[in-house]
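Coordinate analysis (summary)
Here are the chains, one letter per residue:
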Amino acid sequence: MKEQKQELPFDIEISFHKVIEQYKNRLPEEENTIAKNYIKEVLEYVEDYPQLIEGICDISNLSKYRTPVKVLLDDLFPGVLSNNEIKAVAVPYHSQLFNMSNRLKKLIENAGKDFELKLKHIDEHYVYVDACIQILNSYYGYDIDFSKPPYYEIPDENGIVKHYRVTQNGDFISLFPKESAKEISQEDVDLLLQNVDDIELWKTKFPPGSWQLKGFIIVNLTDVTIDDAISELKTALLYQKPNNNDQFEKLQNIFRSIYKIPDLRVGFTGYNQEDQTFENLPEHIGSSFIMNGQTMNNCRNGICRESFDTLIEQKKKFSITNVDAYLRKYDNVLANNLKENDIKSCILAPLAKNGKLIGILELVSKRKNELNRINAIKLDEILPYIVTAADRGVTDFENRVKAVIQSECTSIHPSVLWIFEREAKKYIQDYDSDGLASFKDIVFKDVYPLYGQIDIVASSDSRNEAIQKDILSQLDLILEIIDSAFQIENLPIYEQVEFRVKEFRDDIAEHLNASSEQKIINLLRKEVNPLMDHLENKDGEISEKVANYKQQLNPETGIVYNYRKDYDDTVQQINRTMSRYLDKRQLEAQEIYPHYFERYKTDGVDHNMYIGAALTKNKCFNKVYLYNLRLWQMKTMIQMENRFYHLQDKAPMSLDAASLILVYNSTLSIRYRMDEKKFDVDGTYNARYEIIKKRIDKAFIKNTEERITKKGKLVIIYSQKSDEQEYLRYVKYLQQKKYLGEETEVLDLEDVQGVIGLKAIRVNILYTSENEENENPVNYENLMQELH
């Protein structure tokens, strides 16, 4: 066949012999006179065109037979359906169409002068193998399913590309071998099916042009634009992120195909359920027509009550068919933003997952009534996939926010996490915008501080005493070994080392200073350890004593670690238990009013709290919350000290505790310093608070040598008379509740460096058994009304 551009296993002749044969077979059996006369006239007419039976090899000659072909195929292409069916005669494996229906002609005409009709997603390898399989199925009787429906892409008059699936009818073709054709066996078929991609093998079994195809095919086109668009949209939403312009434009074009609106625009708006605000979705997914360039928009004020109920409360689609009329009725932010963007109609669809609203999908048009409640139904099938993609995007963004916070700020208390998340979002937006971003210091102004500590009394003395006991114990062991060695062999070195050890022992027994431990380490390393290594090789009792001595040494320091281990284990147990208890009670305190809390371990447990409106999002602050928190702190400190002494029964050694609270009447500012990864007071004036914190536990009662902190006493340090009156009321209440005893002292403190005019309330703590600790919780709100 002339103009057969691609290589095929057969040559093609266009022939209508099968149609003519059917007419001839039908003629004697036809009972309807009108139909019979029609068939007879058709057959007589085509007798003048023998090429229609013999075959037309040159495709360019088809135009000569346009009229007889139309007459011959009139039954197959009824004129009454020509404006509805998309149908034509085609040359097998060619894009050439003829005898097209009126509707198909119109589609191609609207596509433009330069449009060329071509099958999509077809390659030469696929065509050759498919042609061979047609031979196997038609001639050899196999039933091999290899074909996939071909497609045409035809743009309409508006430029929207539409997709048409092609259905082919091959009833009117005949296939037969030429002399060069090879006989195909079952073994050949098995081999071919195992090597579908080996085109040369297929050409060996079916040499090019070794078969003859005679006839034509009828193609029917079905508009599957919406089906394909939905399928493509599902793929894009499930496996891709529309976070760049090209991908979003592709997404927008899919919606244009679905709605047949060439200038349809798509937007997305995020929703913050906690704040009930609209905001831009992460990852720069298109634009937001609701936001119109704003970063945040209060949804109650921004949209009308009807749209709020529909979108936010009921989570149903909301459509505006006439924006101008909507603006006249509701002069709100949404209406004005739509107007500014030249939008005349729109559909707003909620994106909700498990009852939680994630955001809003926006479809907008420049013409009124073009988008409405009726065509909003088209979203029903695809909305779940959009929701899945949006939820994935929000989750990914939240993970990025957490990663930024973790990288820039380490761990953050939940009460202030919201502002760090806000700054992290800004950080990501700046970084995505220009690749440059910095996490700014976060400042909370006008917050009230609360500080408390439960500390081990004379912890340095207890630690030094433990060190002293360990050193003396070790030196006694050494002297015992040397004495045994001297009895076995009278060597002068034993006597010299013994003298050095006794000298050290007497010195350390009298007093222990900062250099004592290092001195004993030097003595051991230079004089004692070489001697022990020598004695360890001796036989009998002396080697056993050396082995016993070495077993009691700390492998890392080479020093006896018994009393100090008891001290360290006791302090760790106390700190661990106190910290866990305080963390547990903090959950109760957060219910009073959200506030910042941090605690840290020293020789005891210290904690800081900051409370104020700046630390919350939208919660009003009143000083009554501060009063509640102060009373909670006092009660908790008393309970912590009770728990401290309950631990003494199980601890390796006995220690004492002293509790202290600092009252600071003024507000201050705290700043999260990015370089230090922690909160600190902000400004020189506020630094006075930190100075007081560091020095008050060493303060003395005025005109005495007695420290203000004392075993069995709760100390409240303050500077203002109003604070004294407030805390005396709390003391009286806690005395009545049997938390505190009747020994109440109001004391002046000696001035410490940089701090003058401090006073203290000191009151004895009543200790209870462990079983008496649990009681009914305090109703702080009612109590505050009584106390104030």
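The structure under discussion appears in the preceding block.
So, here's what we can say about the structure. (Residues numbered from 1 in each chain as written. Predicted model: local features only at pLDDT ≥ 70, side-chain atom pairs only at ≥ 80, totals over all residues. Heavy atoms only, no water.)

Here we take up the overall build of the protein. Across its full length, the protein holds 25 helices and 24 strands. Burial analysis of the protein (788 residues in total) assigns 47% to the buried set. A fraction of 68% describes how many contacts in the protein between residues 6 or more apart in sequence connect residues 24 or more apart. Summing over all exposed atoms, the protein offers an accessible surface of approximately 40,400 Å²; the carbon and sulfur share of this is 45%. (Helix = DSSP H or I, 4+ residues; strand = E, 2+ residues; numbered from the N terminus. Buried < 20%, exposed > 50% of the residue type's maximum accessible area, 1.4 Å probe, protein only. Contact = heavy atoms within 4.5 Å. Areas by Shrake-Rupley, 256 points an atom, 1.4 Å probe, with all protein chains shown as cover.)

Moving on, we come to the pattern of salt bridges. Scanning the entire structure with this criterion turns up 30 salt bridges. Note that D263 is salt-bridged to R367, the shortest N-O span being 2.5 Å. Of the two residues, D263 sits in the loop between α10 (245–259) and β10 (265–272) while R367 sits in the loop between β15 (356–365) and α15 (383–409), which places them 104 residues apart along the sequence. By relative accessible area, D263 is classed as partly exposed at 23%. In this structure, the salt-bridge partner of K565 is D569, at a minimum N-O distance of 2.9 Å. Of this pair, K565 and D569 both sit in helix α21 (residues 563–592), four residues apart, roughly one helical turn. Put simply, E706, K710, K713, E743, E745 and R762 are held in one network by salt bridges that share partners. (Salt bridge = Lys/Arg side-chain N within 4 Å of Asp/Glu carboxyl O.)

In this section: the environment of F248. Within the element layout of this structure, F248 appears in helix α10. Separated by 18 residues in the primary sequence, F248 and V266 place their C-alpha atoms 8.9 Å from one another.

Across the sheet, three strands lie side by side as β1-β8-β7; this open sheet has mixed pairing. The sheet is open, and its two edges are formed by β1 (10–14) and β7 (173–177), each paired on a single side. When the angles between neighbouring strand axes are averaged without regard to direction, this sheet yields 20°. Across five bridges, the pairing between β7 and strand β8 (residues 211–215) is antiparallel. Opposite I173, over in β8, you have G215 as the bridge partner. (Pairing = 2+ DSSP bridges. Axes fitted to C-alpha atoms, helices over the stretch in contact; angles between N-to-C directions.)

On to helix α14 (residues 333–340). Those residues of α14 that sit buried are L334, A335, N337 and L338. Seen along its axis, α14 keeps its buried residues to an arc of 165°; they face one direction. For α14, the N-terminal cap is N332; the gap from its side-chain oxygen to the backbone nitrogen of L334 is 3.3 Å. Taken from the residues just after α14, D342 is the one with a positive phi, measuring 60°. (Arc of directions from axis to C-beta. Polar contact = N/O pair within 3.5 Å; in protein donor to acceptor, adjacent residues only side chain to side chain.)

At a minimum axis distance of 10 Å, the contact between helix α17 (residues 459–488) and helix α18 (residues 492–510) shows a crossing angle of 160°. With respect to each other, α17 and α18 are oriented roughly antiparallel. Crossing handedness for the pair α17 and α18: left-handed. Here Q468, I471, L472, L475, D476, I478, L479, I482, A485 and F486 of α17 come into contact with α18, specifically with Y494, E495, V497, E498, V501, K502, F504, R505, I508 and A509. Looking at side-chain class alone, the contact of α17 with α18 contains 14 nonpolar, one polar and five charged residues. (Parallel < 35°, antiparallel > 145°, perpendicular 65-115°, else oblique. Left-handed = near helix turned anticlockwise from the far one by under 90°. Nonpolar A, V, L, I, M, F, W, Y, C, P; charged D, E, K, R; others polar.)

Strand pairing in a sheet is mediated by backbone hydrogen bonds. Such pairs are either parallel or antiparallel. Strands sit in the order β3-β2-β9-β6-β5-β4 across an open sheet of six strands; the sheet is antiparallel. Because the sheet does not close on itself, it has two edges, and the strands there are β3 (97–98) and β4 (119–120). As paired elements, strand β6 (residues 161–169) and strand β9 (residues 217–223) share six bridges and run antiparallel to each other. Within β9, the position partnered with R165 by the bridge is T222. Across the sheet, helix α5 (residues 102–110) touches β2 (87–90), β3, β5 (151–155), β6 and β9, and the angle it forms with β5 is around 60°.

Inspection of the secondary structure puts Q735 in helix α24 (residues 721–736). When neighbours within four sequence positions are excluded, Q735 is seen to be in contact with L740, G741, E742, T744 and V763.

Turning next to a negative patch on the surface. Together, E41, E44, E47 and D48 make up a negatively charged patch on the protein surface. The residue E44 is located in helix α2 (residues 33–46) in this model. (Patch = residues over 30% accessible without salt bridge, like charges linked within 9 Å, V, L, I, M, F, W, Y side chains within 5 Å. Lys, Arg positive; Asp, Glu negative; His and termini not counted. Charge placed at Lys NZ, Arg CZ, Asp CG, Glu CD.)

Now for helix α1 (residues 17–26). Turning to α1, its buried residues are H17, V19, I20 and Y23. Angular distribution of buried residues about the axis of α1 spans 165°; they occupy a single face of the element. Taken together, the buried residues of α1 touch α2, α3 (51–54), α4 (66–72), β7 and β8.

Overall, the coordinates contain 19 aromatic pairs when judged by the stated rule. Measuring from ring centre to ring centre gives 6.1 Å for Y140 and W211, while their planes differ by 65°; the resulting arrangement is edge-to-face. Of this pair, Y140 sits in the loop between α6 (124–138) and β5 while W211 sits in strand β8, placing them 71 residues apart in sequence. Summarising the aromatic geometry, the rings of Y326 and Y330 are spaced 5.1 Å apart at their centres and angled 50° between planes, so their arrangement reads as tilted. Owing to a relative accessible area of 8%, Y326 belongs among the buried residues under this scheme. Members of the aromatic cluster, joined through ring pairs, are F16, F98, F172 and F216. The ring of F77 has K87 sitting right over it, with the charged end atom 5.0 Å from the ring centre. Sitting over the ring of Y259, K378 keeps its end group 5.2 Å from the ring centre. (Phe/Tyr/Trp six-rings, centres within 6.5 Å; stacked < 30°, edge-to-face > 60°. Lys NZ or Arg CZ within 6 Å of the ring centre and 35° of its normal.)

Below, the discussion takes up the nonpolar core. Within soluble globular proteins, side chains that are nonpolar tend to cluster in buried spots. Counting 64 residues, the largest nonpolar core has F10, F16, F206 and L221 as the members making the most contacts within it. Residue contributions to this core peak at nine residues, all from α6. With near-sequence residues (within four places) excluded, L221 lies in contact with I86, L104, Y152, I154, Y164, R165 and V166. By size, the runner-up hydrophobic cluster in this structure holds 28 residues, among which are L477, I481, I559 and V560. (Core = buried A, V, L, I, M, F, W, Y, C linked by side-chain atoms within 4.5 Å.)

The next thing to look at is the environment of L477. Along the polypeptide, L477 turns up in helix α17. Spatially, the C-alpha atom of L477 lies 6.7 Å from that of Y549, the residues being 72 residues apart in sequence. Aside from chain neighbours lying at most four places away, what touches L477 is Y549 and Q552.

This part covers the packing of α17 against helix α19 (residues 516–536). Put simply, α17 and α19 touch, their axes get as near as 12 Å, and they point 30° apart. Of the possible angle classes, the one that applies to α17 and α19 is roughly parallel. For α17 against α19, the interelement crossing comes out left-handed. Here I467, I471, Q474, L475, I478, I481, I482 and A485 of α17 lie close against α19, whose contacting residues are E517, I520, L524, V528, L531, M532 and L535. Taken together, the residues of the contact of α17 with α19 sort by class into 13 nonpolar, one polar and one charged.

Now for the environment of Y625. Of note, Y625 is situated in helix α22 (residues 623–647). For the pair Y625 and G612, spaced 13 residues apart in sequence, the C-alpha separation works out to 9.0 Å. Not counting residues within four places of it along the chain, the set of residues in contact with Y625 comprises I592, Y593, I611 and C620.

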